[in-house]
Amino acid sequence: MRAPEDNSTGVAPVELIEKESSMYDSLLMTLRSCNKSLLEACKKRKREEEEGVSDSEEEEEEDNDSGALSVSNEKDSDEEGTDNERSHVLDSKLQEPSTISIKNEDAESEDDEEASDLDQENSLGVNSKTVVKASVPTSSFLEHLGQKVSEGEIDNLSNKKWEYKWEVPAFEMPNCKWVGTGKCFLKDVNIDSNYGLKQRLFKHWLDAYKTCGGSNFHSSKQRFFFSLCNSYRDILHCNKKPFYLKGLEEDSSTMDAYVMHSLNHVFRSRDLIRKNDSKMAKHQESAEDELLAVDGFLDHGFTRPKVLILLPFRNIALRVVRRLIQLTPQAYKVNVEHADRFYNDFGTRDDEDSVDGDELAREVGNSKPLRSSKPSDYQALFSGNYDDDFMIGIKFTRRSIKLYSDFYTSDMIIASPLNLHARIERAILDKETDVDYLSSIEVLVIDHADVITMQNWSFLTKVLGQLNRIPSKQHGTDIMRIRKWYLDGNARFYRQTIILGHYVNPDINASFSNQCVNYQGKVKLVCEYKGVLSKVLLQVRQVYERFDVNSIANADDARLEYFIKKVFPKIKDSIQGGVMLFISSYFEYVRLRNYLKSQNASFCVIADYTEPSDVSRARVQFFEGRKKVMLYTERVHFFHRYKIRGIKNLIIYSLPERKEFYPEVVNMLEEANNMTCTVLFSQFDQLRLERIVGTASARRMVKSEKNVFLFC
């Protein structure tokens, strides 16, 4: 409800806005007895709302690092962050004249290089009646975090069905296109604005690009994907070519883009806080109330970490952190603390020599296969340290990068879903611990999501559910500067989630649709596939049999029922043996194993949790014919790539998620005149089916009146 204000004074009309008190206002009222200035700020805010005075916005200072020294330069522990280390401690060295002198000189040099990015700050007079102006959101960073989303819009976001309204051909990816909600932004990229990057970051990235032989940055893959990231929309890239399959180039392009986006977000957050620290320190006595009343000075979250990167293995985390250090301008990484410890924990002995990691990046992508019977992609992925239990905090100070910083004083956290899931479970059982450092994540990157699905996607969904919750404790944060949407419990609607993977499956789709609710909207990649049937080297009759099911909830039951009625009788009556049942999920394996047990069938298993000694025994028994049937799961094939001998009849109970596994498994058949491969599928397997037989064929097979299809 709005009404014009009396204009008898000749002042331009101002709209009256009636609104309910927010959690921010409630906190002001609660704390007013503790501080006179808080009481005055509370009264002033209430008075302004009643009079209809809207908060004015302040001109942006994009890259001014020359502001007053921020009180956020904490003294961290040398050990990896623990759940009990909370408070921010001021570094006493900041008080030494020599240290301050160095900082000022550095600030002056940055002023010279980035003068075009400095804002023309409005002065605040002691007797001025004008409220201090906050930053004008001229960058996507400020536009995104400064947007005020109404309660009605928030309510709609939770259950919103997104409509993808535009599409753009994917860069150097035939048969793929980007589709997005809202307005298409990709055609409006401003070259003159450094693509939204801080000037120093952009110059350093451009130099690194040219050093690697690049000539046209504007048309590069990394620039295009960075523009996607800089839109602050949720992104699903489901056809990324991983380094272990297609070499380093494309994987590094997308990694460079999200690393630069993460650095840009961290440094812009730091600059905004420092600038506001400077202004508040300069005018603390004369205008504290005005400052507290302006939304532009609400620049904090509940805790410091703003970027979370989730990765499956330590060796991949090593690649990301090395590249992060590489792409950080030299002025910001005069010192990299605890680098030796990091290389010991995440790499091998060969990784300890180089800090920037140029050599490692080339070696991982172009390394010669080791002497092994395993495929080259397996050797590339599982080379080095492939432990999946890790978490590390990274803090950026003015001139250094600190690895293993306490999580509550880190700017960025890199972790595995397994480790975070364990910490969340521990916090549930032990009330003395918490994971409140996840409360203020604004940029979430999930890289190699397809590998994470081979681990346990449910761990990731648990982590997503824990993000952006209101913390259980206060962690030394200035409550008066926490953004209102944090206090209102709406932070998850401002969090950007970037999911990168080699393929998409129903679990990834469900998380992207239901747990990524960014108000900015979504962008995702849609592809058509040619299939991998041409990679089957043997002359094998591949028979695809479709079973009908009315809902996805009944798909597992319908698959088992079809197997029992149509497939198992042929196996049971056969005396030949050599039948391998390939199963995609562990849940399906358990049901099938239990059924075969009930039928007293002669079978052996190689599954997710089979002991190595039992694996060897099963392989021998199957090859020698002492066991007619073998159950073999996709997950065990992913982690071990066993070469199974003695297969005469292959039954693919459920299609593999990873398309390259299909020809691998089929090619394990022993060459004979009666080789057969039978594949069971339903209309709910279309995502897997189209990656194997091709998109066009998959659509026909799902909709056809026929139920049996033959490929030779």
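These numbers were taken from a predicted model, which means no experiment stands behind them. (Residues numbered from 1 in each chain as written. Predicted model: local features only at pLDDT ≥ 70, side-chain atom pairs only at ≥ 80, totals over all residues. Heavy atoms only, no water.)

1. Considerations on the overall build of the protein chain
Counting secondary structure elements, the protein chain contains 26 helices and 18 strands. The proportion of buried residues among the 712 residues of the protein chain is 55%. Here the analysis covers contacts within the protein chain between residues at least 6 apart in sequence; of these, 79% occur between residues at least 24 apart. When the accessible surface of the protein chain is totalled, it reaches about 32,600 Å², and 48% of it is carbon and sulfur. (Helix = DSSP H or I, 4+ residues; strand = E, 2+ residues; numbered from the N terminus. Buried < 20%, exposed > 50% of the residue type's maximum accessible area, 1.4 Å probe, protein only. Contact = heavy atoms within 4.5 Å. Areas by Shrake-Rupley, 256 points an atom, 1.4 Å probe, with all protein chains shown as cover.)

2. Observations concerning the pattern of salt bridges
Going through the model one piece at a time under the given rule, you end up with 30 salt bridges. In this structure, the salt-bridge partner of Arg546 is Asp548, at a minimum N-O distance of 3.4 Å. The class of Arg546 is buried, set by a relative accessible area of 7%. Take Asp548: its relative accessible area is 53%, and that puts it in the exposed class. Its salt-bridge partner being Glu657, residue Arg691 comes within 3.2 Å of it at the nearest N-O pair. In this pair, Arg691 sits in helix 25 (residues 686–693) while Glu657 sits in the loop between strand 16 (649–652) and helix 24 (661–666), placing the two residues 34 residues apart along the sequence. You can call Arg691 buried: its relative accessible area is 3%. (Salt bridge = Lys/Arg side-chain N within 4 Å of Asp/Glu carboxyl O.)

3. Notes on the packing of aromatic side chains
Applying the stated rule across the entire model yields 39 aromatic pairs. Plain terms: the ring middles of Tyr209 and Phe217 are 5.4 Å apart, the flat faces sit at 80° to each other, and that makes the pair edge-to-face. Judged by relative accessible area, which is 14%, Tyr209 ranks as buried. Using a relative accessible area of 6% as the deciding quantity, one classes Phe217 as buried. Summarising the aromatic geometry, the rings of Phe563 and Tyr653 are spaced 5.7 Å apart at their centres and angled 80° between planes, so their arrangement reads as edge-to-face. With a gap of 90 residues between them, Phe563 in helix 20 (residues 555–573) and Tyr653 in the loop between strand 16 and helix 24 connect regions that are remote in the sequence. The same class applies to Phe563 and to Tyr653, which are both buried. Put simply, the rings of Tyr195, Phe202, Trp205, Tyr209, Phe217 and Phe226 touch in pairs and so form one group of aromatic residues. The positively charged end of Arg341 is found above the aromatic ring belonging to Tyr404, 3.7 Å away from the centroid. Taking the ring centre of Phe512 as reference, the NZ or CZ of Lys522 above it sits at 4.5 Å. (Phe/Tyr/Trp six-rings, centres within 6.5 Å; stacked < 30°, edge-to-face > 60°. Lys NZ or Arg CZ within 6 Å of the ring centre and 35° of its normal.)

4. So, the pairing of strand 8 (residues 412–415)
Sheet faces and side chains relate simply in a regular strand, where the side chains alternate between the two faces. Because side chains alternate across strand 8, one face comprises the buried residues Met412 and Ile414, and the other comprises Ile413 and Ala415, equally buried. Taken together, the four bridges between strand 6 (residues 391–396) and strand 8 define a ladder with antiparallel strand orientation. Looking at the pairing, Met391 lines up with Ala415 of strand 8. (Pairing = 2+ DSSP bridges.)

5. Points about helix 15 (residues 417–429)
Under the 1.5 Å per step criterion, the end-to-end length of helix 15 is 19 Å for 13 residues, consistent within 8% with the ideal 18 Å. Looking only at helix 15, the buried set comprises Pro417, Asn419, Leu420, His421, Arg423, Ile424 and Ala427. Next to the buried residues of helix 15 lie strand 4 (307–310), strand 6, strand 8, helix 16 (449–455) and helix 17 (457–466). (Expected span 1.5 Å × (residues − 1).)

6. Some details on the sheet that holds strand 17 (residues 676–681)
Taking strand neighbours across the sheet as the criterion, the seven strands line up as 14-15-13-16-17-12-18 in an open arrangement whose pairing is mixed. At either margin of the open sheet sits one strand with a lone partner, and together these are strand 14 (603–606) and strand 18 (708–711). Across the sheet, the mean angle from the axis of one strand to that of its neighbour is 20°, orientation sign disregarded. As paired strands, strand 12 (residues 541–546) and strand 17 are joined by six bridges and run parallel to one another. Note that in strand 17 the partner of Tyr544 across the bridge is Val679. (Axes fitted to C-alpha atoms, helices over the stretch in contact; angles between N-to-C directions.)

7. As for the state of the cysteines
Evaluated as defined, the whole model comprises one disulfide. Between the sulfur atoms of Cys176 and its disulfide mate Cys527 the distance is 2.4 Å. Disulfide Cys176-Cys527: the torsion about the S-S bond is 115°, which places it as right-handed. One end of the pair, Cys176, is in strand 2 (residues 176–180); the other, Cys527, is in strand 11 (residues 522–527), with 351 residues separating them in the sequence. Across the pair, Cys527 and Cys176 agree in class, each one buried. (Disulfide = S-S within 2.5 Å.)

8. Topic: empty space enclosed by the protein
Inspection of the entire model under this criterion finds five cavities of 30 Å³ or more. By volume, the largest cavity amounts to about 120 Å³. Lining the largest cavity, in full, are Phe171, Glu172, Met173, Trp178, Lys221, Phe224, Phe225, His237, Glu250, Ser253 and Thr254. Looking at the lining of the largest cavity, the elements with two or more residues in it are helix 7 (221–230) and helix 9 (249–282). By residue class, the composition of the lining of the largest cavity is five nonpolar, three polar and three charged. (1 Å grid on protein atoms, 1.4 Å probe; cavity = no way out; pocket = protein on both sides within 12 Å on 5 of 7 lines; lining within 4 Å. Points joined across faces, edges and corners; volume = space filled by probe spheres on them. Nonpolar A, V, L, I, M, F, W, Y, C, P; charged D, E, K, R; others polar.)

9. Some details on the nonpolar core
Ranked by size, the top nonpolar core spans 128 residues in total, and within it Trp178, Tyr258 and Ile414 carry the most contacts. Look past the residues within four positions of Ile414 in its chain and what remains in contact with it is Ile309, Leu311, Ala317, Val320, Val321, Phe390, Met391, Ile392 and Ile394. Met630, Val665, Val666 and Met701 belong to the second largest nonpolar core, which has 38 residues in total. (Core = buried A, V, L, I, M, F, W, Y, C linked by side-chain atoms within 4.5 Å.)

10. Examining the sheet that holds strand 5 (residues 335–337)
Pairing is mixed in the open sheet, where 11 strands are placed in the order 1-2-11-3-10-9-4-8-6-7-5. Bordering the open sheet on either side are strand 1 (166–169) and strand 5, each of which pairs with just one other strand. Between one strand axis and the next, the sheet turns by 15° as a mean value, whatever way the strands run. Sitting on the sheet, helix 7 is in contact with strand 2, strand 3 (234–237), strand 10 (496–500) and strand 11, with an inclination near 145° to strand 10. The strands touched by helix 19 (residues 506–514) are strand 3, strand 10 and strand 11; relative to strand 3, the strand with the most contacts, the crossing angle is about 165°.

11. A look at helix 22 (residues 612–624)
The first and last C-alpha atoms of helix 22 sit 19 Å apart over 13 residues, in line with the 18 Å expected at 1.5 Å per residue. The complete set of buried residues in helix 22 reads Val615, Ala618, Gln621 and Phe622. An end-on view of helix 22 places all buried positions within 135° of arc, on one side of the element. Packed against the buried residues of helix 22 are strand 13 (579–583), strand 14 and strand 15 (629–633). (Arc of directions from axis to C-beta.)

12. Regarding the environment of His475
Within the secondary structure layout, His475 lies in the loop between helix 17 and helix 18 (484–487). When the C-alpha positions of His475 and Tyr437 are compared, they lie 9.2 Å apart, and in sequence the two are 38 residues distant. Side-chain polar atoms of His475 contact the side chain of Asp436, separated by 2.7 Å. Among the polar contacts listed, one links the side chain of His475 to the backbone oxygen of Lys473, at a separation of 3.4 Å. (Polar contact = N/O pair within 3.5 Å; in protein donor to acceptor, adjacent residues only side chain to side chain.)

13. Here's the deal with the pairing of strand 4
Here strand 4 shows two buried faces, one formed by Val307 and Ile309 and the other by Leu308 and Leu310. Direction of pairing for strand 4 relative to strand 8: parallel, over a ladder of four bridges. Within strand 8, the residue paired with Leu308 across the bridge is Ile413. Bridge count for strand 4 against strand 9 (residues 443–446) is four bridges, and the pairing is parallel.

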